[in-house]
Amino acid sequence: MRLPAQLSRHNPRAHKNTFGHVLILAGSRRMLGAAALTGLAAMRSGAGLATLGIPSSLNTAAQKKISNTLMTWPLPETSRQSLSLSAWPLILKKAEKFDAVAVGPGLSDDPRTQQLVRKIVTHISLPMVIDADGLNALAGHLECLKQGKGIKVLTPHPGEMERLAGIGKRKISDGRAMAAKSFARRYGCVLLLKGHKTVVASPQGKIYTNRTGNEGMATAGSGDVLTGMIAAFLGQGMGAFEAACFAAHLHGKAGNLAARHQTKTAMIASDIIDFIPAAFKSTIR
């Protein structure tokens, strides 16, 4: 794959806002690491700015955990230290300040957090990537995708796809491309079905099958990294299908480079982030 024009750095007058401000709504009491991985992956993938919207009581802990390139936005929380539905008015008021949104990594399954997710998906029109607990919040509420404005990228693994689409894992595994294409068309979204040879489907019926990556990437947080990469590409102005395809390709390439240095057995998600620059470099050549 060639580096898309939106990701090139050929404008000498560019500044950080030129390359997009990404809002990442992620993390909860036990899963702050998911927010950190998503945010750092977004910055490594060219986002000009990234803000983590996190439960307010976790802000100090998050500041210690995350990269110094990320900003935090403390938001109202539930008693379980996850984002609360009462954060909705604040998010809606400031939404126009951002260029793309990532929703889901480490959010928890708290019902009030899930209500917030559905509000965001229905009413925020920015380019959006939805993963993990964001997807779980949509299971049984897929009308949010049809009611919502703006293109959405959904990134389920087979188990999440089973819950979303209401079909068995065996049927999904036997026809991954067809399952992804059918869902994308029905709900007007881009569907990235993770796994061996990740499949990306567009609402118009386009299909891309990714050939990069390895089994060492089956590790906690790897999907959070992919979410951050997609969000960064959306924020830089890429179309949703192209952003998902290129992110899948680069994510896998970074994983292959990490495996060479760390081995497949010892690889962790942050290793994939460390090799995103090298993956970019190999694509530029």
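Please refer to the structure placed before this passage.
Just so it is clear, the model here is predicted, and its values are computed rather than measured. The numbers attached to residues start from 1 for each chain and follow its sequence in the written order. At least 70 in pLDDT is required for a residue's local features to be given in this predicted model, at least 80 for side-chain atom pairs to be given and counted, and no such filter applies to totals for whole chains, interfaces and linings, which use all residues. Excluding hydrogens and water, the side-chain values take into account all heavy atoms of the structure.

Undergrad: Can you break down the overall build of the protein residue by residue, with the values?
TA: Only DSSP runs of H or I covering at least 4 residues are called helices, and only runs of E covering at least 2 are called strands; the numbering of each starts at the N terminus. Helices and strands together make up the secondary structure of the protein, namely 13 helices and nine strands. For a compact globule the rule gives 2.2 Å times the number of residues to the power 0.38, and the radius of gyration it is set against comes from C-alpha atoms. In summary, the protein has a C-alpha radius of gyration of 17 Å against a globular reference of 19 Å for 285 residues, a match within 12%. By its C-alpha atoms, the protein is 45 × 45 × 40 Å across when sized along the principal axes. Counting only carbon and sulfur atoms, one obtains 50% of the accessible surface of the protein, whose full area is about 12600 Å². The averaged location of the 16 negative side-chain charges in the protein is 6 Å from the averaged location of its 36 positive side-chain charges. Accessible areas in this description were obtained via Shrake-Rupley with a 1.4 Å probe; residue shielding takes into account the shown protein chains only. When charges are tallied, Lys and Arg are placed among the positive residues and Asp and Glu among the negative ones, while His and the ends of the chain are skipped. Charged side chains are reduced to one point each, which is NZ for Lys, CZ for Arg, CG for Asp and CD for Glu.

Undergrad: Describe the environment of Ala-165, listing the residues and the values that go with them.
TA: Examined against the element boundaries, Ala-165 turns out to sit in helix 7 (residues 158-165). Expressed as a C-alpha distance, the spacing of Ala-165 and Cys-245, which sit 80 residues apart in the sequence, is 21 Å.

Undergrad: An account of the state of the cysteines is requested, with residue identities and associated values reported.
TA: Disulfides are defined as cysteine sulfur pairs within 2.5 Å. Inspection of the entire model under this criterion finds zero disulfides. The thiol of Cys-189 is not disulfide-bonded; the next cysteine sulfur, from Cys-144, is found 12 Å away.

Undergrad: Give a description of the pattern of salt bridges that names residues and reports values.
TA: Salt bridges are identified by distance alone: a Lys or Arg side-chain nitrogen within 4 Å of an Asp or Glu carboxyl oxygen. Tallying each qualifying case throughout the model produces five salt bridges. The salt bridge partner of Asp-110 is Arg-80, with a shortest N-O separation of 3.7 Å. With a gap of 30 residues between them, Asp-110 in the loop between strand 4 (100-103) and helix 4 (111-123) and Arg-80 in the loop between strand 3 (71-75) and helix 3 (88-94) connect regions that are remote in the sequence. In this structure, the salt-bridge partner of Arg-112 is Asp-110, at a minimum N-O distance of 2.9 Å. For every residue, the accessible area obtained with a 1.4 Å probe (protein chains only) is divided by the maximum for its type, and the residue is called buried under 20%, exposed over 50%, and partly exposed between those limits. A residue is classified by how much of its surface remains accessible, and Asp-110, at 1% relative accessible area, is buried. Several salt bridges converge on common partners, so that one network encompasses Arg-80, Asp-109, Asp-110 and Arg-112.

Undergrad: Please provide a residue-by-residue account of helix 7, values included.
TA: Given 3.6 residues per helical turn, the α-helix brings residues three or four places apart onto the same face. Along helix 7, the residues classified as buried are Gly-159, Glu-160, Met-161 and Leu-164. Every residue pair with non-hydrogen atoms within 4.5 Å of one another is taken to be in contact. On the buried face of helix 7, the contacting elements are helix 5 (133-138), strand 6 (152-154), helix 8 (169-174), helix 9 (176-187) and strand 7 (190-193). Downstream of helix 7 by a residue or two, Gly-166 has a phi angle that is positive, lying close to 70°.

Undergrad: Would you mind going over unusual backbone geometry in detail, with residue names and values included?
TA: Backbone geometry at Gln-81 places phi at a positive 60°, although glycine is not the residue there. Residue position: Gln-81 is located in the loop between strand 3 and helix 3. One non-glycine residue, Lys-197, lies in positive phi territory at about 55°. Topologically, Lys-197 is positioned in the loop between strand 7 and strand 8 (199-201).

Undergrad: Explain the packing of aromatic side chains to me, using residue names and the numbers behind them.
TA: Side-chain rings of Phe, Tyr and Trp (the six-membered ring for Trp) are treated as a pair once their centres are within 6.5 Å; stacked means planes under 30 degrees apart, edge-to-face means over 60, and tilted covers the remaining angles. Counted according to the given criterion, the structure contains four aromatic pairs. Aromatic side chains Phe-233 and Phe-280 sit 6.3 Å apart centroid to centroid with 80° between the ring planes, which places their arrangement in the edge-to-face category. Here the residue Phe-233 occupies a position in helix 10 (residues 222-235), and Phe-280 occupies one in helix 13 (residues 276-284), the gap between them amounting to 47 residues. Judged by its relative accessible area of 0%, Phe-233 is buried. The class of Phe-280 is buried, set by a relative accessible area of 11%.

Undergrad: Provide a residue-level description of the sheet that holds strand 3, including the pertinent values.
TA: Here, a strand pair is defined by DSSP locating no fewer than two bridges between the strands. A sheet is described by the order of its strands in space; here nine strands give the open sequence 3-2-1-4-5-6-7-8-9, paired in mixed fashion. Unpaired on one side and paired on the other, strand 3 and strand 9 (207-209) mark the two borders of the sheet. Strand after strand, the sheet turns through a mean of 15° between neighbouring axes, direction not considered. Bridging between strand 8 and strand 9 involves three bridges; their strand directions are antiparallel. Across the sheet, the residue bridging to Ala-201 is Ile-207, located in strand 9. Along the sheet face, helix 1 (residues 32-44) touches strand 1 (21-25) and strand 2 (49-55) and points at about 170° away from the line of strand 2. The strands touched by helix 4 within the sheet are strand 1, strand 4, strand 5 (128-130) and strand 6, with strand 5 carrying the most contacts at an inclination of about 145°. All axes here are fitted lines through C-alpha atoms, helices being fitted over the stretch that makes contact, and every angle between N-to-C directions spans 0 to 180 degrees.

Undergrad: Tell me about the pairing of strand 2, and name the residues and values.
TA: Burial analysis of strand 2 places seven of its seven residues in the buried class, which makes it a mostly covered element. As paired strands, strand 1 and strand 2 are joined by five bridges and run parallel to one another. Residue pairing in the sheet places Leu-23 in a bridge with Thr-51 of strand 2. A crossover counts as right-handed when, viewed with the strands pointing away from the observer, the path leading from the first strand over the helix to the second turns clockwise. Following the chain from strand 1 across helix 1 to the adjacent parallel strand 2, one finds a crossover that is right-handed. Where strand 2 lies against strand 3, five bridges are found, and the strand directions are parallel. Residue pairing across strands places Thr-51 opposite Met-71, the latter belonging to strand 3. Note on the crossover from strand 2 through helix 2 (residues 59-65) to strand 3: the handedness is right-handed.

The values are spatial; any link to function lies outside them.
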